[in-house]
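Coordinate analysis (summary)
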Amino acid sequence: MSKYDLIIRNGNIVTAETIIQGDIAIKDGKIAETSAGQSLKAIAKSEINADGLHIFPGLIDTHVHFNEPGRTEWEGLETGSRSLAGGGVTTFIDMPLNSTPPAINKKNLALKKAAAEKNSLVHARFWGGLVPENINDLKDLFEDGVLGFKAFMSPSGITDFNHVDDVTIFKGMNEIARLGSLLAVHAESTVICDQLAQEKIAEGKTSARDFVESRPIISEIEAVRRIISYAEATGCKLHIVHASSRKVVEVINEAKLRGVDVTVETCPHYLSLTIKDLEQKGGVAKCCPPLREENEVEGLWNAVANGEIDVIASDHSPAPPHMKEIQDGDYFKAWGGISGAQSTLNVMLTEGYVKRALPLEKIVQLTATNPAKLFGLFPNKGTISVGSDADLAIVNLNESFELKREDLFYRHQHSPYVGKTFNGKIITTLINGELVFKNGDFKKRAQETV
Ligand SMILES: NC(=O)NC(NC(N)=O)C(=O)[O-]
Ligand SMILES: [Zn+2]
Ligand SMILES: [Zn+2]
């Protein structure tokens, strides 16, 4: 009788610390044995020959907006999670918006969980929202398993998810600290962004550059400094999402050195696209905070290399194409949010590993190990070691491809990366040792939804 369900033979196994050539044996959805440099003698019901391929821990995307229930015409869990599986991502943490109703209370969260149970191809976890109306719901949400809370300091673009005032931040962070959870924050200054946008629009200045100038880096810095002072006052663990500039990261780094419990995320688009892409590609590259100048991209890569970034996540915030169109040259009106969930590992391999000699181990840290540790999923997830879940991405680093619209698995096939040549192709994705994605095909399996 076979001892194992599956053995992946002779791959290059990448973890946060090292790369070892060897075999991975899987039983009952978990990694049962690994071998370095030699072949496992045991036999298995099936085998994968990973000669010349690299095996990564499945990515954990801590920042996606899948919009289900209620706004599935924008995306949805089935298409969203397929894109993740196609991109080597095996777990996501879904933002409380832009589903409707948003996950701001127990009842709404239950709807989301039920939808994920039914429709997601990969492991699903959830954020709860912090909005001015729901301080009394935070405990319930926490008890029902949210891995953290999310607040916006500036308008979210969604009418049923209000941004927080300073009193809500103060009360909310006190409560989240008491619960021992974490607050993730979209940190841009409403005062600065709203005022500058109004002035620009009043003057008829609505180009890509005008839009970017209406959301300057100082607006992020100001909001980040303010929220950090609340974190210090309340002792609440803080996570700043989508930092668009190293100048923002520096403020967070200073706070870390002072002992503040704060972490920072940046996204593949801030590491690979600039205001020029926004000008050339239009609304498909519009997001908030906006894409910056070229020197900011390099600044962020330096921050990555120096260990100043904790997490890379996609901030996949999809919308139908008509909402991304720039009409009459007006960049203010289009939806702010980039469809990128499928391409995180591709961008990191191409722009990081190939172009800037970023070690593969570092990519694993940023996309899997650190997120797993930050959200209490480690060592079940985020690594390849005996006892951890067999959530894996098998990648051919020697294969390049040009991303075509028809390669996208999103509900709406658009992305600012269409036309880009990526180095490294994701061949297979496994969840608990079962193939969910192989060479463009999917297989639904029983995933966890906690
Ligand atoms: N409502 C959203 O999805 N907003 C998102 N939009 C972006 N990033 O442009 C976000 O994360 O702020
Ligand atoms: Zn945001
Ligand atoms: Zn987001």
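Residues numbered from 1 in each chain as written. Chains lettered and ligands numbered in written order. Predicted model: local features only at pLDDT ≥ 70, side-chain atom pairs only at ≥ 80, totals over all residues. Heavy atoms only, no water.

Looking at an unreviewed UniProt entry, one finds the protein chain named Allantoinase, with Alteribacillus bidgolensis as its source organism. The UniProt entry for the protein chain carries this comment under Pathway (unreviewed entry): "Nitrogen metabolism; (S)-allantoin degradation; allantoate from (S)-allantoin: step 1/1." The record in UniProt for the protein chain states the following under Function (unreviewed entry): "Catalyzes the conversion of allantoin (5-ureidohydantoin) to allantoic acid by hydrolytic cleavage of the five-member hydantoin ring." (UniProt positions renumbered as here; feature names shortened; annotations may be inferred.)

For the rest of this paragraph, the subject is the domain arrangement of the protein chain. You can read the domains of the protein chain as domain 1 (4–55 + 389–442) and domain 2 (59–374). For domain 1 and domain 2, the distance between their C-alpha centres works out to 27 Å. The interface of domain 1 with domain 2 comprises 37 residues on the first partner and 48 residues on the second. Summed over both sides, the interface of domain 1 with domain 2 buries roughly 3,400 Å², with 65% coming from carbon and sulfur. When the area that domain 1 buries against domain 2 is broken down by residue, the three leading residues are Tyr410, Pro416 and Tyr417, summing to 21%. The interface formed by domain 1 and domain 2 contains one salt bridge. (Domains from an automatic or database assignment. Contact = heavy atoms within 4.5 Å. Buried area = accessible area lost by both parts, 1.4 Å probe. Salt bridge = Lys/Arg side-chain N within 4 Å of Asp/Glu carboxyl O.)

The subject of this paragraph is the coordination of the zinc ion (ligand 3). Donor atoms from the polypeptide that coordinate the zinc ion (ligand 3) comprise His63 (NE2), His65 (NE2) and Asp315 (OD), at 2.0 to 2.2 Å from the metal. We classify His63 as buried; its relative accessible area is 1%. (Donors = N, O, S within 2.8 Å, 3.2 Å for Na, K, Ca; no water. Buried < 20%, exposed > 50% of the residue type's maximum accessible area, 1.4 Å probe, protein only.)

One finds Phe56, Met173, Leu183, Leu238 and Ile309 to be the most contacted residues of the largest nonpolar core, which totals 103 residues. Ranked by the residues each element gives to this core, the list is headed by helix 7 (residues 217–234), at eight residues. Two domains each donate at least three residues to this core, and these are domain 1 (4–55 + 389–442) and domain 2 (59–374). Beyond its immediate sequence surroundings of up to four residues, Met173 is in contact with Thr168, Leu183, Ile227, Tyr230, Ala231, Thr234, Cys236 and Leu238. Formed by 22 residues, the second largest nonpolar core is a distinct cluster that contains Phe161, Ala184, Val241 and Ala313. (Core = buried A, V, L, I, M, F, W, Y, C linked by side-chain atoms within 4.5 Å. Helix = DSSP H or I, 4+ residues; strand = E, 2+ residues; numbered from the N terminus.)

Right, let's get into the confidence of the model for the protein chain. Summing up the model confidence of the protein chain, the mean pLDDT is 97 and the portion of residues at 70 or higher is 98%. As scored by the predictor, the complex reaches a pTM of 0.98 and an ipTM of 0.98. (pLDDT = per-residue confidence, 0-100.)

Metal coordination angles in their ideal form are 109.5 degrees for the four-donor tetrahedron and 90 or 180 degrees for the six-donor octahedron. On the protein side, the zinc ion (ligand 2) has His186 (ND1) and His242 (NE2) as donor atoms, found 2.0 to 2.1 Å from it. In this structure, the zinc ion (ligand 2) is coordinated by four donor atoms arranged in irregular fashion, with angles at the metal of 56 to 143°. Metal-to-metal, the separation of the zinc ion (ligand 2) and the zinc ion (ligand 3) is 3.8 Å. You can see His186 sitting in strand 11 (residues 182–186) and its partner His242 sitting in the loop between strand 12 (237–240) and helix 8 (246–257), a full 56 residues away along the chain. Just as His186 is buried, His242 falls in that class too. (Tetrahedral: all angles 85-135°; square planar, octahedral: opposite > 155°, others 65-115°.)

A few words now on the UniProt feature "binding site: Zn(2+) 1" (unreviewed entry) in the protein chain. UniProt records the feature "binding site: Zn(2+) 1" (unreviewed entry) for His63, His65, Lys150 and Asp315 in the present numbering. Look at the named residues: they lie 253 residues apart in sequence, but the longest C-alpha span between them is just 12.8 Å, so in the fold they bunch up. Looking at the element boundaries, His65 is found in the loop between strand 6 (59–64) and helix 1 (77–86). Overall, the relative accessible area of 4% leaves His65 in the buried class. A polar contact of 2.9 Å, which involves the side chain of His65, links it to the backbone oxygen of Leu97. Here Asp315 shows up in the loop between strand 14 (311–312) and helix 12 (321–324). (Polar contact = N/O pair within 3.5 Å; in protein donor to acceptor, adjacent residues only side chain to side chain.)

With that settled, consider helix 14 (residues 360–374). Across its 15 residues, helix 14 extends 20 Å between first and last C-alpha, which sits within 8% of the 21 Å expected from 1.5 Å per residue. Of all bends in helix 14, the biggest is about 45°, found at Leu366. The element helix 14 is extensively covered by neighbouring structure, given that 12 of its 15 residues are classed as buried. Of all the residues in helix 14, the buried ones are Leu360, Glu361, Lys362, Ile363, Val364, Leu366, Thr367, Ala368, Thr369, Pro371, Ala372 and Leu374. Following helix 14 by one or two positions, Gly376 has its phi on the positive side, about 70°. (Expected span 1.5 Å × (residues − 1). Bend = angle between axes of the 7 residues up to and from the residue.)

Below, the discussion takes up the packing of aromatic side chains. Enumeration according to the criterion identifies 11 aromatic pairs in this entry. On the numbers, 4.9 Å between centres and 70° between planes, the contact of Phe66 with Phe92 is edge-to-face. Of the two residues, Phe66 is situated in the loop between strand 6 and helix 1 and Phe92 in strand 7 (residues 89–94); the sequence distance between them amounts to 26 residues. Residue classification places Phe66 among the buried positions, given a relative accessible area of 0%. Exposure remark for Phe92: the relative accessible area of 0% places this residue in the buried category. Taken together through their ring pairs, the aromatic side chains of Phe401, Tyr417 and Phe422 make up a single cluster. Lying over the aromatic face of Phe211, Lys286 brings its terminal NZ or CZ to 4.5 Å of the ring centre. Seen from the ring of Phe401, Lys425 lies directly overhead, with NZ or CZ sitting 5.2 Å from the centre. (Phe/Tyr/Trp six-rings, centres within 6.5 Å; stacked < 30°, edge-to-face > 60°. Lys NZ or Arg CZ within 6 Å of the ring centre and 35° of its normal.)

Residues in contact with ligand 1 amount to 15 residues; listed here are only the nearest, Asn98, His186, Cys288, Asp315 and Ser317. Contact distances for ligand 1 include 3.3 Å between an oxygen atom and a side-chain N or O atom of His65. Taking Asp315, its side chain carries an N or O atom lying 2.8 Å from a nitrogen atom of ligand 1. Look at ligand 1: alone it shows 320 Å² of surface, and the protein chains cover 98% of it. Across the shell around ligand 1, the residue classes break down as five nonpolar, nine polar and one charged. (Near = heavy atom within 4 Å. Areas by Shrake-Rupley, 256 points an atom, 1.4 Å probe, with all protein chains shown as cover. Nonpolar A, V, L, I, M, F, W, Y, C, P; charged D, E, K, R; others polar.)

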